[in-house]
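Each chain, written out:
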Amino acid sequence: MGLILDSSVLVASERQGKNARQTLLAIAGEIGEMEIGISVITLIELAHGAARADHLERRTKREKFIQEIVTALPVYPVTVPIALRAGLLDGENQARGTRVPLPDLLIAVTALELGYSGGTSNLQHFKQVAGLSVIQI
């Protein structure tokens, strides 16, 4: 069993001034012995946030945080099975009138494909993904 982290967890921690090591230790303290990873989509969202930093010092700090996360955790790609499953779930959700933003859906489906849970502070989106065990962090 493992956990795929949503960017909401990492962004909140970085904004609190924690480095990657502190962040991951805190998460491990909450979830216990469990493999932790991220989707490449989470990495895209973190890089986007670094690029939008309002000054160089903050951007540099965010880029360092990203490098520490990439060094510490496996980064899972969007594979063909993930893409197909995400498309299927998105179609089913929209047919029922439910919309999960594509980045969150891809992160959630990465967790599903690995047999992992999703770790997020964004319960609204992740709870809408059928079959996903969601852990609020």
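Residues numbered from 1 in each chain as written. Predicted model: local features only at pLDDT ≥ 70, side-chain atom pairs only at ≥ 80, totals over all residues. Heavy atoms only, no water.

Let's shift gears to the overall build of the protein chain. Along the backbone of the protein chain there are seven helices and five strands. Projected onto its principal axes, the C-alpha coordinates of the protein chain cover approximately 45 × 35 × 25 Å. Buried residues in the protein chain amount to 40% of all 137 residues. A fraction of 69% describes how many contacts in the protein chain between residues 6 or more apart in sequence connect residues 24 or more apart. About 7300 Å² of surface is accessible on the protein chain, with carbon and sulfur atoms providing 54% of the total. Counting 13 positive and 14 negative side-chain charges, the protein chain places the averaged centre of each group 5 Å from the other. (Helix = DSSP H or I, 4+ residues; strand = E, 2+ residues; numbered from the N terminus. Buried < 20%, exposed > 50% of the residue type's maximum accessible area, 1.4 Å probe, protein only. Contact = heavy atoms within 4.5 Å. Areas by Shrake-Rupley, 256 points an atom, 1.4 Å probe, with all protein chains shown as cover. Lys, Arg positive; Asp, Glu negative; His and termini not counted. Charge placed at Lys NZ, Arg CZ, Asp CG, Glu CD.)

Once that is clear, we can look at the sheet that holds strand β4 (residues 117-120). Each strand in a sheet pairs with its neighbour through backbone hydrogen bonds, running either in the same direction (parallel) or in the opposite one (antiparallel). One open sheet holds the five strands; their spatial order is β3-β2-β1-β4-β5, and the pairing between them is parallel. Taken across any chain shown, the strands that pair with only one partner, and hence form the sheet edges, are β3 (75-76) and β5 (134-136). In this structure, strand β2 (residues 35-39) lies alongside β3, joined through two bridges in parallel fashion. Pairing of Ser39 across the sheet is with Tyr76, part of β3. Relative to strand β1 (residues 2-5), helix α2 (residues 20-31) is tilted by about 135 degrees, and along the sheet it contacts β1, β2 and β5. The strands touched by helix α3 (residues 40-51) within the sheet are β1, β2 and β3, with β2 carrying the most contacts at an inclination of about 65 degrees. (Pairing = 2+ DSSP bridges. Axes fitted to C-alpha atoms, helices over the stretch in contact; angles between N-to-C directions.)

Checked against the element boundaries, Ser13 lands in helix α1 (residues 7-15). Within the structure, Ser13 has its side chain in polar contact with the side chain of Thr23 (distance 2.4 Å). Not counting residues up to four positions away in its chain, the partners in contact with Ser13 are Lys18 and Thr23. (Polar contact = N/O pair within 3.5 Å; in protein donor to acceptor, adjacent residues only side chain to side chain.)

With that settled, consider the confidence of the model for the protein chain. Mean pLDDT over the protein chain stands at 95; residues scoring 70 or higher make up 100%. When mean pLDDT is taken per element in the protein chain, β3 scores highest with 98 and α2 scores lowest with 91. (pLDDT = per-residue confidence, 0-100.)

The next thing to look at is the layout of surface pockets. By volume, the largest pocket amounts to about 220 Å³. Considering the residues around the largest pocket, the lining is formed by 14 residues, among which Val11, Arg15, Gly49, Ala50 and Arg62 are closest to the centre. Elements with a contribution of two residues or more to the lining of the largest pocket: α1, α3 and α4 (56-72). The element best represented in the lining of the largest pocket is α3, accounting for five residues. Looking at the lining of the largest pocket residue by residue, the class counts come to seven nonpolar, two polar and five charged. (1 Å grid on protein atoms, 1.4 Å probe; cavity = no way out; pocket = protein on both sides within 12 Å on 5 of 7 lines; lining within 4 Å. Points joined across faces, edges and corners; volume = space filled by probe spheres on them. Nonpolar A, V, L, I, M, F, W, Y, C, P; charged D, E, K, R; others polar.)

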